[in-house]
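# Structural overview for review
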Amino acid sequence: TGAVGLYNVGQSCCLNSVLQVFLMNIHFTGILRRITVPPCAVQKRRNVPYQMLLLLEKMQCGKRKAVSPIDLACCLSAYRVKLFVQHDAAQLFLTLWNLIKRQMEKPELVEKLSYLYTICVQEHLACQKCSSETKRNSSMLTLPLPVLDSNSHMLKTLEDCLQYFFRPEELTDHNMCFCEQCGRKTPFLQSMKLVHLPQTLTIHLKRFCFEKSAYIHKLSHYLPFPQDLDFNAILTENQCQADDNEKAAWQYELFAVVAHSGSTSCGHYCAYIRSLTECKWYCFNDSEVCQVWWDDVKCTYGHFKLHW
């Protein structure tokens, strides 16, 4: 029936945008359709995956241009995702994903969900005095990329942000770490190596900085990103901890962009999403949905007077 919007039920543009990205992903909805239905009415009202499935069915079965996500929003409010407040899209994505994972009863679905979204990295800490090194694997749901370097200079492209994120960093002066081999604090070299990338990679551009007065300032400068991204062409061998079969899958096509206009205290979210079945781009602006083109998506590269 075509793309369907979501009505704004109380400053819910952020929730609507994140939900559209989840529900337009056919790999995610394939998992969602296999969940166990809660046995009683109370559990159904409080189960996030089930309420998302009901919303998806309402969007697909109806012939309206938009539907209301109020039942899902009320379900989320039981888990401190409040209505009538401003949310941050990256934080809301993490909150929703964790609720979905925690409330999926089938272990095989949890495994599929993790494979779909989870990034694995290996953190390295090497003492610069004795060369002793510690390694630790960790998982993350997003790559939180800075858009400024350590000198507060603007990074110019998404590829620059990725290279900066994975660059080694020297820990000196007050940032020195305690070395057990040396028995004292010494300079360390901290680095991060990529081990595994998921089927759907989520990147968070950290478009904010803290002023000395503790005021959070939004960074709206122009930062382009490509439609296709190959990590093998961006990262060096030293920044990867994976075999050739793993790295062969590190090629991506852009699927969606969640964009914010306005300031940190007041603004509006919408989502640009490419339908995986139609290969067409749509702009989801709450209840208003329209087909757009790649040139329209480029407005999310950023500028100070952004309007949809």
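On a predicted model such as this, the values are computed, not experimentally measured, just so you know. (Residues numbered from 1 in each chain as written. Predicted model: local features only at pLDDT ≥ 70, side-chain atom pairs only at ≥ 80, totals over all residues. Heavy atoms only, no water.)

## Focus on the sheet that holds strand β18 (residues 288-292)
For sheets, the rule is that strands pair by backbone hydrogen bonds, running either parallel or antiparallel. Spatial strand order, β15-β16-β17-β18: four strands in an open sheet with antiparallel pairing. The open sheet is flanked by β15 (256-262) and β18, the only strands paired with a single partner. Direction aside, neighbouring strands of the sheet carry axes that sit 20° apart on average. Together, β15, β16 (267-274) and β17 (281-285) form the strand contacts of helix α1 (residues 13-23), whose direction differs from that of β16 by roughly 10°. (Pairing = 2+ DSSP bridges. Helix = DSSP H or I, 4+ residues; strand = E, 2+ residues; numbered from the N terminus. Axes fitted to C-alpha atoms, helices over the stretch in contact; angles between N-to-C directions. Contact = heavy atoms within 4.5 Å.)

## Some details on unusual backbone geometry
A positive phi angle, close to 70°, is found at Ser131, a residue other than glycine. Looking at Ser131, the relative accessible area reads 60%, which means it is exposed. The phi dihedral of Cys279 is positive, around 60°, even though this residue is not glycine. Within the secondary structure, Cys279 sits in the loop between β16 and β17. Judged by relative accessible area, which is 56%, Cys279 ranks as exposed. (Buried < 20%, exposed > 50% of the residue type's maximum accessible area, 1.4 Å probe, protein only.)

## A look at the packing of aromatic side chains
When we look at a pair of aromatic rings, we describe it by the centre distance and by the angle of the planes. Under the criterion given, the structure shown has twelve aromatic pairs. Ring centres of Phe28 and Tyr117 lie 6.4 Å apart, and the angle between their planes is 65°; on these two criteria the pair is classed as edge-to-face. Of this pair, Phe28 sits in helix α2 (residues 26-32) while Tyr117 sits in helix α7 (residues 107-117), placing them 89 residues apart in sequence. We note that Phe28, like Tyr117, is buried. Ring geometry for Phe225 versus Trp294: centroids 6.4 Å apart, planes at 75°, classification edge-to-face. Of this pair, Phe225 sits in the loop between β12 (216-218) and β13 (228-230) while Trp294 sits in helix α10 (residues 294-297), and the two are 69 residues apart along the sequence. The exposure classification of Phe225 matches that of Trp294, with both residues buried. Joined through ring pairs, the aromatic side chains of Tyr222, Phe225, Trp281, Trp294 and Tyr301 make up one cluster. Note that Arg167 overlies the ring of Tyr164, its terminal NZ or CZ placed 3.8 Å from the centroid. (Phe/Tyr/Trp six-rings, centres within 6.5 Å; stacked < 30°, edge-to-face > 60°. Lys NZ or Arg CZ within 6 Å of the ring centre and 35° of its normal.)

## Some words on the sheet that holds strand β9 (residues 188-196)
The strand order β4-β3-β9-β6 describes an open sheet built from four strands, whose pairing is antiparallel. Of all the strands in the sheet, just β4 (133-140) and β6 (169-171) have a single pairing partner and so form its edges. Ignoring strand direction, the axes of neighbouring strands in this sheet form an average angle of 30°. Across eight bridges, the pairing between strand β3 (residues 119-127) and β4 is antiparallel. Bridged to Ala126 within β4 is Glu133.

## Side note on the packing of α1 against helix α6 (residues 89-103)
Interaxial distance between α1 and α6 falls to 10 Å at its minimum, and their mutual angle equals 55°. Considered as vectors, α1 and α6 are oriented oblique to each other. Along this stretch, α1 crosses α6, giving a crossing that reads as right-handed. Facing Cys14, Leu15, Val18, Leu19 and Phe22 of α1, the residues of α6 in contact are Ala89, Leu92, Phe93, Leu96, Trp97 and Ile100. Residue classes in the contact of α1 with α6 are distributed as eleven nonpolar, no polar and no charged. (Parallel < 35°, antiparallel > 145°, perpendicular 65-115°, else oblique. Left-handed = near helix turned anticlockwise from the far one by under 90°. Nonpolar A, V, L, I, M, F, W, Y, C, P; charged D, E, K, R; others polar.)

## Comments concerning the nonpolar core
Grouped together as the largest cluster of nonpolar side chains are 42 residues, with contacts concentrated most on Phe22, Phe28, Val48, Met52, Leu96 and Tyr117. For this core, the elements supplying multiple residues, two or more each, are α1, α2, α4 (48-61), α5 (70-77), α6 and α7. With sequence-adjacent residues up to four places away left out, Phe28 is seen in contact with Phe22, Leu23, Met52, Ile100, Leu113, Leu116 and Tyr117. Among the nonpolar cores identified, the runner-up in size contains 40 residues, and Phe166, Val257, Cys270 and Val297 belong to it. (Core = buried A, V, L, I, M, F, W, Y, C linked by side-chain atoms within 4.5 Å.)

## Description of the environment of Leu72
Locating Leu72 in the fold gives a position in helix α5. C-alpha separation for the pair Leu72 and Gln51, spaced 21 residues apart in sequence, amounts to 5.3 Å. Excluding its chain neighbours within four sequence positions, the residues that come into contact with Leu72 are Leu19, Val48, Gln51, Met52 and Leu55.

## So, a nonpolar patch on the surface
Judged by side-chain polarity, Phe208, Phe210 and Ile216 come together as a nonpolar surface patch covering roughly 290 Å² of accessible area. Within the element layout of this structure, Phe210 appears in strand β11 (residues 208-210). Classification of Phe210 by relative accessible area gives exposed; the value is 58%. (Patch = residues over 30% accessible without salt bridge, like charges linked within 9 Å, V, L, I, M, F, W, Y side chains within 5 Å. Areas by Shrake-Rupley, 256 points an atom, 1.4 Å probe, with all protein chains shown as cover. Salt bridge = Lys/Arg side-chain N within 4 Å of Asp/Glu carboxyl O.)

## Section: the pattern of salt bridges
In total, this model carries five salt bridges according to the counting rule given. In this structure, the salt-bridge partner of Glu253 is Arg274, at a minimum N-O distance of 3.9 Å. Residue Glu253 is found in strand β14 (residues 251-253), and its partner Arg274 is found in strand β16; the two are separated by 21 residues along the sequence. For Glu253, a relative accessible area of 56% puts it in the exposed group.

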